Structures are given as C-alpha cells and as structure tokens.
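Inside the fold
Okay, here's what each chain looks like letter by letter:
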Amino acid sequence: MIEMQDIWKTYADGTHALRGVSVRIDRNDFVYLVGPSGAGKSTFMKLIYREEVPTKGQISVNGFNIGKLKPRKIPYVRRNIGVIFQDFRLLQKMTVFENIAFAMEVIEAPKKLIRKRTMEVIELVGLKGKHNSLPTQLSGGEQQRVAIARAIINNPSVIVADEPTGNLDPETSWGIMNLLEEINFRGATIIMATHNREIVNSLRKRVIAIENGEIVRDEARGEYGYEI
Ligand code: ADP
Ligand code: ADP
C-alpha cells in the first residue's frame, strides 16, 4: 500500500512540483496518472521509488515512511519497486540476459538462482530465444519488454512506469499493456503515467489526474479526459 499525506515537493530552484497531494493506492491497484506536461506526474512517481524526497508531508510505501528512510535501508525499499521508463534505459553493451540479471546480481543472489529466474522472466515477457541479443538488435517493443523483465525480476510489489508506451507504435503499445495487466494480475500494484488517451479510455482503470501539482480528479474507472 502507498499513502501520501499532504505531500509538497519544491525543487531547489523554487519550482513547486507537488502542492498538498494526499492519496491512497491499495495493493494490487492499477492506476493511470494523467495530466499535462509539467503537472507533477514524474515527481509523484520519483517520490514513490525514492529518487526524490518530499519537502513536506508523509509518504509510506508498504509501511515504510520512505521520506525519512535511513540511507542504509533505501536498497531494501527500492528492491520492492520496479521502475520502467519511456526510453527503456537499457545498458547498450550488455545482452538481454545481462541487462536483466544485473538487477539480481546487485542484491547478491546465488548465481544458479539468477540464471533460472532470468530465463524465467525472459520467457514471461515473450522474449524466449533472445537472451543473447544486444538491445540494438531489438525493436522498441522488445527493448521495453527487456526493461519490464528487469523491473519484475526481484518480484516487486509495486511497478512504476513513466510513459512506458511513449516511444512505441499503437500495436506494440497494446502488447506492452497486456504484459502490464498480466503483472498486475499476478499481484503487483501498477502506477503508470501516460498521455495515451486510446489506452486509458479502452482499458479502463483508476485514473488520477494531476494538474499544476494537485490531484484534480480521482476516478475508479476513469477516462483520459484531455483532448491530446
Ligand atoms: P510531469 O511528469 O507531469 O511532466 P514533472 O514532475 O516532471 O511533471 O515536473 C513538475 C514540475 O517540476 C515542472 O515544472 C518541472 O519543470 C519541474 N521539475 C521537475 N524536476 C525538476 C528538478 N529536478 N528541478 C527543478 N524543477 C523540476
Ligand atoms: P522525466 O519526466 O521522464 O523525468 P524530464 O525530461 O522531465 O524526464 O526530466 C529529465 C531530468 O531532468 C529529470 O531528472 C528531472 O528531474 C530533471 N528536470 C526536469 N525538469 C527540470 C527543471 N525545470 N529544472 C531542472 N531539472 C529538471
């Protein structure tokens, strides 16, 4: 469970990215985060995966008050959150296998387990047979599947996705959505920032709209609600 109580985020230059956000996201929810560019969506997600800390207010993720976390506890919280970006952020000189296994190597899992689990998630995301490919040898959709495999390898309870279909064509985007739904079905909470009107209006989920750092709408089976 994720809970924000009167969260304010002001960056060093004085920009108020979030202004008094309070929200509760239950285990296994699937949430679309919508709103104009610069509204505060990325900041909202960065607070969840502890890339940023709030200026004011409380945020808890799975019972941890992560704004006040002791530095040595940060890796434990991060391990429980998978992050996916619009631009994939794969390591270009590493193979598919290495990109994905890396996330388990940093937590010093046993080698045999890493191999087994990596091959398992490669199959789960539909990339069987591609483990020795380099990112440059893959399509955009395939690269995003690698990023998703990397995000889920440690079985996180929360997946945060910042415009995961932003660089993909419509058909490929649907494939990625099916995969995210499957991961949600298997128990993960999903929070996805998106400008994809088509997806939000067809695959109906909870919609939280942020404008100018504030939540202006929160609907259980909402619509995209913007013209573009
Ligand atoms: P969105 O994801 O909805 O586009 P962001 O959370 O990225 O919105 O940004 C919210 C506001 O905070 C914007 O005005 C943006 O320019 C600003 N902002 C984001 N990151 C920083 C930063 N590191 N320093 C200063 N301002 C920032
Ligand atoms: P994203 O929304 O995917 O984080 P952006 O292009 O908005 O990508 O931001 C890229 C990086 O620049 C982020 O780390 C963000 O925090 C930072 N950033 C965004 N807006 C500003 C800003 N106005 N001033 C300084 N840093 C910013």
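Residues numbered from 1 in each chain as written. Chains lettered and ligands numbered in written order. Predicted model: local features only at pLDDT ≥ 70, side-chain atom pairs only at ≥ 80, totals over all residues. Heavy atoms only, no water.

Focus: the sheet that holds strand E9 (residues 206–211)
The 6 strands lie next to each other as E6-E7-E8-E3-E9-E10, forming an open sheet whose pairing is mixed. Strands with a single pairing partner mark the edges of an open sheet, and in this sheet they are strand E6 (81–85) and strand E10 (214–219). Averaged over all adjacent pairs, the angle separating strand axes in this sheet is 15 degrees, with direction ignored. With 5 bridges connecting them, E6 and strand E7 (residues 158–162) associate as parallel partners. Across the sheet, the residue bridging to Val-83 is Val-160, located in E7. Packed on one face of the sheet, helix H1 (residues 41–48) meets strand E3 (30–34), E6, E7, strand E8 (189–193) and E9 and runs near 150 degrees to E7. Against the sheet, helix H5 (residues 140–152) contacts E6 and E7, and its axis sits at roughly 165 degrees relative to E6. (Pairing = 2+ DSSP bridges. Helix = DSSP H or I, 4+ residues; strand = E, 2+ residues; numbered from the N terminus. Axes fitted to C-alpha atoms, helices over the stretch in contact; angles between N-to-C directions. Contact = heavy atoms within 4.5 Å.)

Topic: H5
Because each turn of an α-helix spans 3.6 residues, side chains separated by three or four positions end up pointing in the same direction. In this model H5 runs 19 Å from its N-terminal to its C-terminal C-alpha over 13 residues, within 8% of the 18 Å that 1.5 Å per residue would give. Burial of H5 is extensive: 10 of the 13 residues sit out of reach of the surface. Those residues of H5 lying buried are Gly-141, Gln-143, Gln-144, Val-146, Ala-147, Ile-148, Ala-149, Arg-150, Ala-151 and Ile-152. Buried residues along H5 sit in contact with E6, helix H3 (96–105), helix H4 (111–124), E7 and helix H6 (170–185). (Expected span 1.5 Å × (residues − 1). Buried < 20%, exposed > 50% of the residue type's maximum accessible area, 1.4 Å probe, protein only.)

Quick word on the packing of aromatic side chains
In the structure shown here, the tally under the stated rule is 3 aromatic pairs. Summarising the aromatic geometry, the rings of Tyr-49 and Phe-85 are spaced 6.4 Å apart at their centres and angled 85 degrees between planes, so their arrangement reads as edge-to-face. On the criterion of sequence distance, the pair formed by Tyr-49 in the loop between H1 and strand E4 (56–61) and Phe-85 in strand E6 is long-range, its members being 36 residues apart. This pair shows no difference in class: Tyr-49 is buried, exactly as Phe-85 is. Between Tyr-224 and Tyr-226, the ring centres sit 5.7 Å apart and the planes meet at 75 degrees, which makes this aromatic pair edge-to-face. As far as burial versus exposure is concerned, Tyr-224 and Tyr-226 are alike and both buried. Above the ring of Phe-85, the side-chain terminus of Arg-89 is found at 3.8 Å from the ring centroid. (Phe/Tyr/Trp six-rings, centres within 6.5 Å; stacked < 30°, edge-to-face > 60°. Lys NZ or Arg CZ within 6 Å of the ring centre and 35° of its normal.)

Some remarks on unusual backbone geometry
The backbone phi angle of Asn-155 is positive, close to 55 degrees, even though this residue is not glycine. Checked against the element boundaries, Asn-155 lands in the loop between H5 and E7. Note on Asn-155: relative accessible area 59%, which makes it exposed. Backbone geometry at Glu-163 places phi at a positive 50 degrees, although glycine is not the residue there. Inspection of the secondary structure puts Glu-163 in the loop between E7 and H6.

Topic: the side chain of Arg-50
The topology assignment puts Arg-50 in the loop between H1 and E4. Apart from residues lying up to four places away in sequence, Arg-50 is in contact with Ile-66, Gly-67, Leu-69, Ile-74 and Arg-78.

Focus: a nonpolar patch on the surface
Together, Leu-91, Phe-102 and Val-106 make up an exposed nonpolar region whose accessible area comes to about 260 Å². In this structure, Phe-102 sits in helix H3. On the accessibility criterion, Phe-102 (37% relative accessible area) is partly exposed. (Patch = residues over 30% accessible without salt bridge, like charges linked within 9 Å, V, L, I, M, F, W, Y side chains within 5 Å. Areas by Shrake-Rupley, 256 points an atom, 1.4 Å probe, with all protein chains shown as cover. Salt bridge = Lys/Arg side-chain N within 4 Å of Asp/Glu carboxyl O.)

Regarding the environment of Ile-159
Within the secondary structure, Ile-159 is located in strand E7. Taking the relative accessible area as the measure of exposure, Ile-159 reaches 0% and is therefore buried. Considered as a pair, Ile-159 and Lys-73 are 86 residues apart in the sequence and their alpha carbons are 19 Å apart. Excluding anything up to four places from it in sequence, Ile-159 contacts Gly-82, Ile-84, Ala-151, Ile-152, Ile-183, Ala-188, Thr-189, Ile-190 and Ile-191.

Digging into the nonpolar core
Ranked by internal contacts, the top residues of the largest apolar core, which has 44 residues, are Tyr-32, Ile-148, Leu-180 and Ile-183. Ignoring anything within four residues of it in the chain, the contact list for Ile-148 reads Ile-84, Val-125, Ile-176, Leu-179, Leu-180 and Ile-183. Formed by 30 residues, the second largest nonpolar core is a distinct cluster that contains Ile-2, Leu-47, Val-61 and Val-77. (Core = buried A, V, L, I, M, F, W, Y, C linked by side-chain atoms within 4.5 Å.)

Worth remembering: the numbers are spatial, not functional.
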